Each structure stands twice: as C-alpha cells, then as structure tokens.
Amino acid sequence: MEKNVTQISREDLEDLREAFDKIDIDNSGFVSDFELQDLFREARFSLPGFKVREIVEKFMVHGDTNKDEKISFDEFVAIFQELKSKEVRETFRKMVTRKDGIFSFGGTSGISSEGTQHSYSDEEKVAFVNWINKSLAKDPDCKHLVPMDPETDSLFKSVKDGILLCKMVNLSQPDTIDERVINTKKLTTFTMNENLMLALNSASAIGCTVVNIDPLDLKAGKPHLVLGLLWQVIKIGLFADIEISRNEALISLLLEGEELDHLLSMSPEELLLRWVNHHLNAAGWQPIHNFHEDIKDSRAYFHLLNQISPNGERDEMSIDIDMSGINERDDEKRAELMLKQADRMDARQFVTPQDVVAGNHKLNMAFVANLYNLYPALNKPASNGIDLTLLEDLTPAIVGESREERTFRNWMNSLGVAPYVNHLYSDLVDALIIIQLYERIQVPVDWRKVNRPPYPALGANMKKLENCNYAVELGKREAKFSLVGVGGENINEGSSMHTLALVWQLMRRYTVKVLSDLGDGETVINDQVIINWVNTTLKEGGMDTFINSFKDKSISTSLPVIDLITTIAPNATKNEMVKRGDLSPEDKLNNAKYAISVARKIGAKVYALPDDLVEVKPKMVMTVFACLMGRGMKKADS
C-alpha cells in the first residue's frame, strides 16, 4: 500500500463487504472482472464503463496478486482505496434524490472540486426511529422527542439538543454517562452543544468512531452522520452480550473436534451466525452463510423462531409459532407472515418484509441480534468434551476482558481502525491494527514492508509474524518505546503482558501528542510536566486540592479532578452534585461518575472509567489529567 492511499473507515468497510457479498452470489469469495461494474454500482460508487475497463486492465497487470484473474474482497478494497485517494466521485447533485430507498444529497467540498455526495438508506432511518421509539418510550427526558414519525425527517432534527444521543449511549452501555450531567431544562445553544459534546465523547469511549463528526454536524442534522453514529451505538448495544463471558451457554455452539480458543476468538457476528445455525440444525433445516442472500425467503427465520420461542418445558410462558406461512408462494407475503410470528414474541424490530426480501445485511443482522438477546434458548452443555469446572483455568477469556483491556480496545475502535477489534489479543496477532495506530501517532510506516490479507494458505502465520516483528521494530526504532523483552513472536502469540506493554505506550503517546500539538513545540511532555500543570492550575483557581503523583490516594475521591474541571470551566460543575468530607465507597463512585461525565461534557476525550479513579489506576489516571490539560491549554489559546 502506498503511503498516500486513503484509509477506509470501518463503516465504509462494512458497506463494501455488504455490496461484495450481494454480487458474490455463489459465496466463492471472488467476483469476476465483468462483475466489477455491478459491484461498484452496488457500493454506490457508480463509474462509467470505460473507467471500469481501465481499472480491470490495470488490475490484471499490477493488482492481481495471486494471478487468478478473479477479484477477492481485499483486492476490491485495495482498488476502492486507490480510487478514493484520487478523489473519483459521482457527479455532484445539489438536489436531494431518492432511488430504491437511498437518499442522496450533496454539498461543496473543500477537498475536491468535483464536490461530494453522501447517501443514506430510508430503510435504516425507519428501523432506527422505530427502535428508538420503543426503547425510550418511557423516558421522561425524551417526551418532547418520542415518538417520532418514521416517515418524516424528524430523526435528524431530534438529535440537535443531544439528549436523545446521550440516552442511546446509555441504552447501549449502561452507566456510561452520569445522567445528572445531561442538560434537560431551559436549553440554550450552549447547553445543547455541551450535551452533544458529552454524547460524542461518551460514544467514543464505548468504541464508536467519531473522528469526522462534531456537534455542529449533529446540530445541523446531517443524515449520513446521524445514521452512521446511531448505527454504531445501536450495534455495540446489540452485540454486547454475544460473547461467552456474558453467556457461558454459548459454549454449546462448539463443534465436534473444535478447540475452545477458536470459539472464543470469533467475532459477535460470527457467533450470531453460529447461534442461528445451531438452532436450524436442531430444526433439521440447512444452515445459512450470511444475513442477506440466505434469509431472503424467510424460511430460515420461520425455523429459527420456532426453535427459540418460549415453550412450556423451558419457560414459564409458551408461544406456539404458526409455521403455515412458510408455504406462502409470494416472498413478501411470506416475510410478513414470519414477522407476525416475531411480533407475538415482541421481537419485530429493525426489518420490514421488504428489508428481508431485499436482503438488507445491516438490518437483518440487527433483527437476529435482537432475537438472540431476547431468546438465546441455549443450555450450558454438560460436557461437549470440556470439563466445565476447569474453564477458568483453560483460558482467562472465559471470564471476560478486564476494564483496562476494554478501555484499550474501545480506544482503538474509536480511532476507526479496520477491521473492528472484538478481542484485544487475538485480533492483533497480525499487527495490522498496531501498525495503523502508529500512523495515528505520526510514526512513519513503510507499507511496502507490511503483509496484508488474504494471507497464503501455506505460510500465513509467517506473514503475520513478519508484521509483528516490524511493529516491534517501529516501536523501538521510530517511537523510542521501552520494549525490553517484547518481540514480534509475543504479539503473534497473543501474549497479554507483552501486547499490553506495547498498546499502553501507543495510547500514552497518542494522549501526550495532543498536548505536544498544543504546546510550544519545545517542552517535552512527561508525567511530571502534567502533574506540575495540574497543581499550578488548581492553586491559581483557589482550590485546596493537589496531587503528588498519579498514585496519590486523594484521587480516589475524584475531588482533584472535579476541582480541576471547575477551574478550567467554572460553570460546568454543580456543588450539590459533589460529596466532600468523609466519603463512603458509594460517595467516591458517584463522584467519579460525575467527574468522568463532566470531563467529557467540556470536551475532554476521556476513555478511563469511574472505577479507575476510585481505585487510583495510575495509567488511566494519567490519561484523565492529560486530557484535561489539553482542554485547559485549548482554553488558554482561545
């Protein structure tokens, strides 16, 4: 990959995969050169025929890495990246148009003289509105917003005060935002901006990519940005419980002869597909391979509903699924009959009959994830070849990730690395994510030295190991990290200790880089510089609190953090919300929740969790004070 090739966002990558799978109707993993124009059209990136022919000719000479005259998904992504980097765009249209449920709207671009065009799916808008209406129906703070009309553009207007977005973040990951911090009364332009900043920084903290979104974009209700952010938030919530540490009964999905570690390393989407096929197998129905082509006729859904619906033996209530609709000849009518059965289970969410028949991957996946969350219908296996009493000894992953691991993973995902990081160690074994992070901290990467998937069947791990060796070399030579005893083989093997040592230094450098960019360019930012700034600022603000180090026990009260915020942004905190004096553990936690949320509200992109302050975790504490220092320095410059 050349250095100047545009990185593809995770959202774009998902859309490209959906488009590719629709053209790859035989699930071979490849498309032919003559299908490329259809593929670009499906990806909403229409090109004239002559341009596609030029691309094909160039690809066959330079890009067909395995010389099979077929185009794999990764080769298609490489082609797309090159086109995007050259700013090839569809003809700019000022008027909003609609075709096949896709709305397009344009706006002049400071990057390209040809202008830009963004699209959004009307089906997704309707699905998200219905989900929000159902989820926030009883929330008193949303009475002025909910219910929204899915047939209008009310969704895009509803996000402008930030309340709905804050509530959706908390719905996805409970207690992310201390709701005492949300401005809900006598809203002004300033307090609405605060809510939007709080929502964006909190979304980032749970792993959403918000790099190209700011409060003004949301206040303007830009459809593609609103839907993109909402999808990320909703998806994180839907997928949160699809992991073995949340439901050990998922171990029953282990196939005969399969290693447990393989199941543990699967992404939530892969586990979801495995879960569907587990129930389809029990029903005597053929498995599905995706959430688009294979579900279009609704028959797999009928059998899935019949398997997971409550019954007298397993549940207190019982719902008998009417399977007669499976014989309906019309696809849309069959889909409607299936959804009527889902409605009886209070699970008719995200899809319409048209979405099922069209094979909308995103919405069908959301529909199935919601089904799993409501009716997993799994029993913890008695054995399946595993001594379940020894599961915790077999792998720490069964216990779930630690707070520190989750924070690192969310930080990576918030920066838009691709693919999405589901498991901190197993997803980093080829170092591609780590190498992307080096670019984020402006460490130069020579992409000619990087092996990219698809890796060859023979020697795949050697290619991954080469990447890991290069990642460690970059850390030592270019970033000047302390990596004593850390080798590429440690990252490749998924060693938690060695991987965390590298990842922490990446996150620390990223945090400090923000400060360096705001500074005089000469001062080296280190821990003592941050501590000195914190104490000087507290003293200038007339505060009694101070810290001796990032291990200072007084930090457990969160009072130094709250006082620092008050000094930086005097109106951001409310005295009645803060406990002082002799504090109970509950008081300390409430202070910490308040401190973290107010920090995000004033614009500090804090990834640490309240417990990190209460327990005085030095690494995370350092990032909190560093982010607040960045916010304070911005204020000083303004």
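As shown above, the structure is provided for reference.
Draft legend 1. Molecular detail of the overall build of the chain. Secondary structure summary: the chain contains 27 helices and five strands in total. Looking at the chain as a whole, 52% of its 638 residues are labelled buried. Looking at the chain as shown, the accessible area adds up to about 30000 Å², and 50% of this sits on carbon and sulfur atoms.

Draft legend 2. Molecular detail of the pattern of salt bridges. Counted by the stated rule, this structure contains 26 salt bridges. Residue Lys-134 pairs with Asp-346 through a salt bridge whose shortest N-O separation is 3.0 Å. Here Lys-134, found in helix H5 (residues 122-135), pairs with Asp-346, found in the loop between helix H14 (331-344) and helix H15 (353-358); they are 212 residues apart in sequence, far enough to count as distant. Residue Lys-134 is classed as partly exposed on the basis of its relative accessible area of 40%. Its relative accessible area of 46% is what places Asp-346 among the partly exposed residues. For Asp-527, the salt bridge is made with Arg-508, and the minimal N-O distance between the two is 2.4 Å. Of the two residues, Asp-527 sits in helix H23 (residues 527-540) while Arg-508 sits in helix H22 (residues 496-518), which places them 19 residues apart along the sequence.

Draft legend 3. Main features of the nonpolar core. Counting residues in each nonpolar core, the largest one holds 173 residues, and the members touching the most others are Trp-275 and Tyr-438. With eleven residues, the single largest contributor to this core is helix H10 (residues 223-239). The contacts of Tyr-438, once residues within four sequence positions are left out, are Val-443, Val-445, Ala-471, Leu-474, Gly-475, Ala-479, Phe-481, Leu-502 and Leu-506. The next biggest cluster of nonpolar side chains, apart from the first, holds 22 residues, and it includes Phe-20, Ala-43, Val-52 and Ile-71.

Draft legend 4. Up close: the packing of aromatic side chains. Inspection of the entire model under this criterion finds eleven aromatic pairs. An angle of 75° between the planes, with centres 5.1 Å apart, marks the rings of Tyr-301 and Phe-367 as edge-to-face. Within this pair, whereas Tyr-301 is found in helix H13 (residues 299-308), its partner Phe-367 is found in helix H16 (residues 361-374), the two being separated by 66 residues in sequence. Of the two residues, Tyr-301 and Phe-367, neither departs from the other in class, the shared state being buried. Between Tyr-438 and Phe-481, the aromatic rings sit 6.3 Å apart at their centres with planes inclined by 25°, giving stacked as the arrangement. Here Tyr-438, found in helix H19 (residues 432-440), pairs with Phe-481, found in the loop between helix H20 (460-477) and helix H21 (488-492); they are 43 residues apart in sequence, far enough to count as distant. A network of ring pairs unites the aromatic residues Phe-20, Phe-40, Phe-73 and Phe-76 as a single cluster. Taking the ring centre of Phe-73 as reference, the NZ or CZ of Arg-17 above it sits at 3.8 Å.

Draft legend 5. Quick look at H19. With respect to burial, H19 is a largely interior element, seven of its nine residues being buried. Listed in full, the buried residues belonging to H19 are Leu-432, Ile-433, Ile-434, Ile-435, Gln-436, Leu-437 and Tyr-438. Those residues of H19 that are buried lie in contact with helix H18 (403-414), H20, H21 and H22. Where H19 terminates, the next one or two residues include Gln-442, which has phi positive at roughly 65°.

Draft legend 6. Representation of unusual backbone geometry within the structure. Cis rather than trans, the peptide bond between Ala-418 and Pro-419 has omega equal to 0°. Checked against the element boundaries, Pro-419 lands in the loop between H18 and H19. Backbone torsion omega between Pro-453 and Pro-454 reads 5°, so that peptide bond is classified as cis. Note on placement: Pro-454 falls in the loop between H19 and H20.

Draft legend 7. Region of the structure containing the packing of H13 against H16. Put simply, H13 and H16 touch, their axes get as near as 12 Å, and they point 15° apart. What the angle tells us is that H13 and H16 run roughly parallel. Note that H13 runs across H16; the crossing there is left-handed. For the pair formed by H13 and H16, the contact residues are Tyr-301, Leu-304, Leu-305 and Ile-308 on the first element and Asn-364, Phe-367, Val-368 and Leu-371 on the second.

Reading the values: the criteria
Residues numbered from 1 in each chain as written. Predicted model: local features only at pLDDT ≥ 70, side-chain atom pairs only at ≥ 80, totals over all residues. Heavy atoms only, no water. Helix = DSSP H or I, 4+ residues; strand = E, 2+ residues; numbered from the N terminus. Buried < 20%, exposed > 50% of the residue type's maximum accessible area, 1.4 Å probe, protein only. Areas by Shrake-Rupley, 256 points an atom, 1.4 Å probe, with all protein chains shown as cover. Salt bridge = Lys/Arg side-chain N within 4 Å of Asp/Glu carboxyl O. Core = buried A, V, L, I, M, F, W, Y, C linked by side-chain atoms within 4.5 Å. Contact = heavy atoms within 4.5 Å. Phe/Tyr/Trp six-rings, centres within 6.5 Å; stacked < 30°, edge-to-face > 60°. Lys NZ or Arg CZ within 6 Å of the ring centre and 35° of its normal. Axes fitted to C-alpha atoms, helices over the stretch in contact; angles between N-to-C directions. Parallel < 35°, antiparallel > 145°, perpendicular 65-115°, else oblique. Left-handed = near helix turned anticlockwise from the far one by under 90°.

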